[in-house]
Amino acid sequence: MTLTTPSATRLDVEAPRPPRGTTGRRKSRGMVAFVFLAPWLIGLFGLTLGPMLYSLYLSFTDYNLLAPVANWVGLDNYIRIFTSDSRAIASMVVTAVYVLVAVPLILIASMLVALLLNSKIGFLTGYRALFYLPSLLGASVAVAALWRVIWGADGIINQVLLFFGIEHLSWVGSPDTALMTIIVLAIWAFGSTMIIFLAGLRQVPGELHEAAKVDGAGAIRRFFSVTLPMMTPIVFFNTLMVTINAFQAFTPAYVISGGTGGPSDSTLFYTLYLYQQGFGQLNMGYASALAWVLVIILGVFTAVFFWSSKYWVHYGDK
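Residues numbered from 1 in each chain as written. Predicted model: local features only at pLDDT ≥ 70, side-chain atom pairs only at ≥ 80, totals over all residues. Heavy atoms only, no water.

Positionally, Phe-236 belongs in helix H11 (residues 232-247). Overall, the relative accessible area of 8% leaves Phe-236 in the buried class. Counting along the chain gives 69 residues from Phe-236 to Phe-305, while the straight-line C-alpha distance between them is 8.5 Å. Not counting residues within four places of it along the chain, the set of residues in contact with Phe-236 comprises Phe-305, Phe-306, Ser-309, Trp-312 and Val-313. (Helix = DSSP H or I, 4+ residues; strand = E, 2+ residues; numbered from the N terminus. Buried < 20%, exposed > 50% of the residue type's maximum accessible area, 1.4 Å probe, protein only. Contact = heavy atoms within 4.5 Å.)

So, in structure tokens, the structure goes:
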């Protein structure tokens, strides 16, 4: 005898159906989001990823801007950079010197001024604006042109030295001092880095300094034992950003040297030499290889820097 269970006593319950029209509204919202994201997506693929991939292809060719086609040469451009192009090596050396000297000085100057502005002094807002203003102008063509005049043979610097009986030739015209003038310009425009340091200093708990004072720690000891360890995430960020910007420095070297990298290639930054190859000699294939070498260098530096951060960067939740 077979027993049948009435439908009223079935245990399986059907899932509730969404209200009519809900699926359509979700699709409509997705389309609206896509429409708003479309400009960014077009820029990402059309103005960033697309040109990057195309330049990667060109780096393996001998493409010239005046040539109708690009001939595949494989790794010849990359081999040429490190074996037979002495100016490329010289530009790497100049850029390395600039990075090794300018970056620490920018960070030190920014931290010192941030510590000064973090103290209780009058007209604090005005001082912040005055120190931040050069960072808005430092990379401009006008400031670089003015810098070339200031450090020229008849510039303000030599006029001041002449007042004290010291005669000096053009600072930007001497291979021994031309790079130094660009480094000074980079240090002068430290405002943005200083503002970030100042924001970090405001986040250091005051009770830690009070406890250190009670233990007899002086100002210098409190800085290295309390402030600096608490500031390591900010130091990490600023160091990374300033270093990347230093590798990509172009405008001051171009304007001060007149686009030549002189005198005697003393201001031939890597980016300036890349520009000369791509838009001066129209060797766009070789310039693309130079650009990708810079990308690889920055990628390796960034990876190593992030890897090393676990040994010296301390976060509050650890």
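Okay, the packing of aromatic side chains next. Per the stated rule, a full pass over the model turns up 22 aromatic pairs. When the ring of Trp-151 is compared with that of Trp-171, the centres are 5.6 Å apart and the planes differ by 80 degrees; the resulting orientation is edge-to-face. Of this pair, Trp-151 sits in the loop between helix H5 (141-150) and helix H6 (156-163) while Trp-171 sits in the loop between H6 and helix H7 (178-188); the two residues are 20 residues apart in sequence, bridging distant segments of the chain. Here Trp-151 and Trp-171 have matching classes, each one buried. Look at Phe-247 and Phe-301: their rings are 6.3 Å apart centre to centre, the planes differ by 55 degrees, and that puts the pair in the tilted class. A residue pair is termed long-range when its members are at least 10 positions apart, and Phe-247 in helix H11 and Phe-301 in helix H14 (residues 284-312) qualify at 54 residues. (Phe/Tyr/Trp six-rings, centres within 6.5 Å; stacked < 30°, edge-to-face > 60°.)

On to the nonpolar core, then. Ranked by size, the top nonpolar core spans 68 residues in total, and within it Ile-81, Tyr-98, Phe-197, Met-231, Phe-269 and Leu-290 carry the most contacts. Residue contributions to this core peak at 13 residues, all from helix H3 (residues 86-117). Once you skip the residues sitting within four places of it in the chain, Phe-269 turns out to touch Ser-91, Val-94, Thr-95, Tyr-98, Leu-179, Ile-182, Ala-249 and Ala-253. (Core = buried A, V, L, I, M, F, W, Y, C linked by side-chain atoms within 4.5 Å.)

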